[in-house]
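Summary of structural features
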Amino acid sequence: MKVVDCFKERPVISFEIFPPRPNASEKSIERFYDNLDVLASLKPAYISVTYGAGGSDNKSGTLDLCRYIKQHYGIEVVPHIPGINFTTSAVKSYLDELKASNIENVLALRGDLPEDGQIKGDFQYASDLVTEIKRDGDFNVLGACYPDVHPEAKDSVDDIKNLKCKVDAGVSQLITQLFFENEHYYQFLERCELADIDVPVQAGIMSVVNERQIKRMATMNGVGLPQKFLRMMNHYQDNPVAMRDAGTAYAIDQIVDLLSEGVDGVHLYTMDNPVVTKRICGAIETLI
Ligand code: FAD
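Rules used throughout
Residues numbered from 1 in each chain as written. Predicted model: local features only at pLDDT ≥ 70, side-chain atom pairs only at ≥ 80, totals over all residues. Heavy atoms only, no water. Helix = DSSP H or I, 4+ residues; strand = E, 2+ residues; numbered from the N terminus. Buried < 20%, exposed > 50% of the residue type's maximum accessible area, 1.4 Å probe, protein only. Polar contact = N/O pair within 3.5 Å; in protein donor to acceptor, adjacent residues only side chain to side chain. Contact = heavy atoms within 4.5 Å. Near = heavy atom within 4 Å. Nonpolar A, V, L, I, M, F, W, Y, C, P; charged D, E, K, R; others polar. Core = buried A, V, L, I, M, F, W, Y, C linked by side-chain atoms within 4.5 Å. Disulfide = S-S within 2.5 Å. Pairing = 2+ DSSP bridges. Right-handed = clockwise from strand over helix to strand, strands pointing away. Arc of directions from axis to C-beta.

Overview of the side chain of Ser-101
In this fold, Ser-101 is placed in the loop between helix H3 (88-100) and strand S4 (105-109). Exposure remark for Ser-101: the relative accessible area of 19% places this residue in the buried category. A polar side-chain atom of Ser-101 sits 3.1 Å from the main-chain carbonyl oxygen of Glu-97. Look past the residues within four positions of Ser-101 in its chain and what remains in contact with it is Arg-67 and Lys-70.

Right, dumping it as structure tokens:
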């Protein structure tokens, strides 16, 4: 099934997960699959599985996990494909593997640049990869977008023009980078409308559990941290349980506002955390 069809009934709630690292211990793999059981029981519309986020190259980890989720839980999957890790022929054979596993959706990305800034693969921008994927078959292609503007973009106008090219290349739905200020998302939707970008835009929401991690991610990805959010992090930084609870409350507050505004959908960056994800899903259950 192509997950774009989920938007016939909005809002669409979906999850992102990370596959276990290739060198993960048996114990942590076991824990991962226990957590996955909980995440799957929350019945997301689909689960997207990262690839190479944070620098590791783990193609088979992503693919194996996608196959497992589809077969074991019957939930649709969206493997991420970061173009900078792929040559054209490697993409072709990867897509063949996906087809053989009856996987019809992919999230086409450029990928996080390595520290030396050198792109090893054949795709400089995600739109180049989208064109290649659409040439190769009948995939439903998702793309990423940035309410706080992508950090490498000249400005918000340039970023939206580039996004329009990506959508025109064949992207049928978008997922935003995480954001903590809903107004930025609403302003972004207005820019999309002005640019004639007319595909569903799911809001990417992450619940903060770790102050250092979120500050690093925000700096790396140019994500704005509002005063209200900074106050919360500063206040609870020495109390991990309180930080988790405050972060969850903040995420729920964001989602309630988004749902009230009629958002197309919410993509939860679960960080493989079943406790927080279950709480969020429980809190919004009657609002969907
Ligand atoms: P692009 O759409 O190519 O944009 C990158 C930059 O180039 C932007 O500044 C854009 O404005 C500019 N640009 C685009 N086209 C042109 C053009 N033709 N000319 C000039 N400039 C142009 N990374 C991973 O490695 N693995 C993952 O699994 C992963 N999952 C992610 C999931 C989501 C939902 C999101 C939002 C991000 C994810 N990332 C992942 C991170 C992503 O790879 C980075 O944000 C990356 O820096 C940009 O990827 P993109 O696909 O948006 O790139």
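Concerning the site of the ligand
Residues in contact with the ligand amount to 25 residues; listed here are only the nearest, Tyr-51, Arg-110, Tyr-146, Asp-159 and Lys-166. Between the ligand and the protein, one listed contact pairs an oxygen atom with a side-chain N or O atom of His-80 at 2.8 Å. Asp-159 is positioned such that a nitrogen or oxygen atom in its side chain is 2.7 Å from an oxygen atom of the ligand. Only strand S3 (76-82), S4 and helix H5 (156-170) provide two or more residues apiece to the shell around the ligand. Take the shell around the ligand: its biggest share by element is three residues, from H5. Of the residues assigned to the shell around the ligand, the class counts are twelve nonpolar, seven polar and six charged.

Quick look at the nonpolar core
Ile-17, Ile-69, Leu-98 and Leu-174 are the most contacted members of the largest nonpolar core, which totals 59 residues. If one sorts the elements of this core by residue count, helix H9 (residues 240-260) sits on top with five residues. Counting 27 residues, the second-largest nonpolar core is a separate cluster that includes Cys-6, Leu-107, Phe-180 and Val-223.

Observations regarding the state of the cysteines
Scanning the entire structure with this criterion turns up zero disulfides. Cys-66 takes part in no disulfide bond, and the closest cysteine sulfur, belonging to Cys-6, lies 15 Å away. Free of any disulfide, Cys-281 has its nearest cysteine sulfur in Cys-6, 15 Å distant.

Re the pairing of strand S1 (residues 12-17)
The buried count for S1 comes to six of six residues, which makes it a mostly enclosed element. Because side chains alternate across S1, one face comprises the buried residues Val-12, Ser-14 and Glu-16, and the other comprises Ile-13, Phe-15 and Ile-17, equally buried. As paired strands, S1 and strand S8 (residues 265-269) are joined by five bridges and run parallel to one another. Its bridge partner being in S8, Phe-15 is matched across the sheet by Leu-268. Sheet topology note: the S1/strand S2 (residues 46-49) ladder contains three bridges and is parallel. Paired with Phe-15 across the two strands is Ile-47, which belongs to S2. Tracing the backbone out of S1, into helix H1 (residues 26-41) and back to the parallel element S2 gives a crossover that is right-handed.

A closer look at helix H7 (residues 211-221)
Along H7, the residues that are buried comprise Glu-211, Ile-214, Met-217, Ala-218 and Asn-221. Looking down the long axis of H7, one finds its buried residues gathered within 135° of arc, a one-sided arrangement. Looking at H7, the residues exposed on the side facing more than 90 degrees away from the buried face are Arg-212, Arg-216 and Thr-219. Where H7 is buried, its residues meet strand S7 (201-206), helix H8 (227-236) and H9. Where H7 begins, the side chain of Asn-210 points an oxygen toward the backbone nitrogen of Arg-212, at a separation of 3.0 Å. The positive-phi residue at the C-terminal boundary of H7 is Gly-222, with phi of around 65°.

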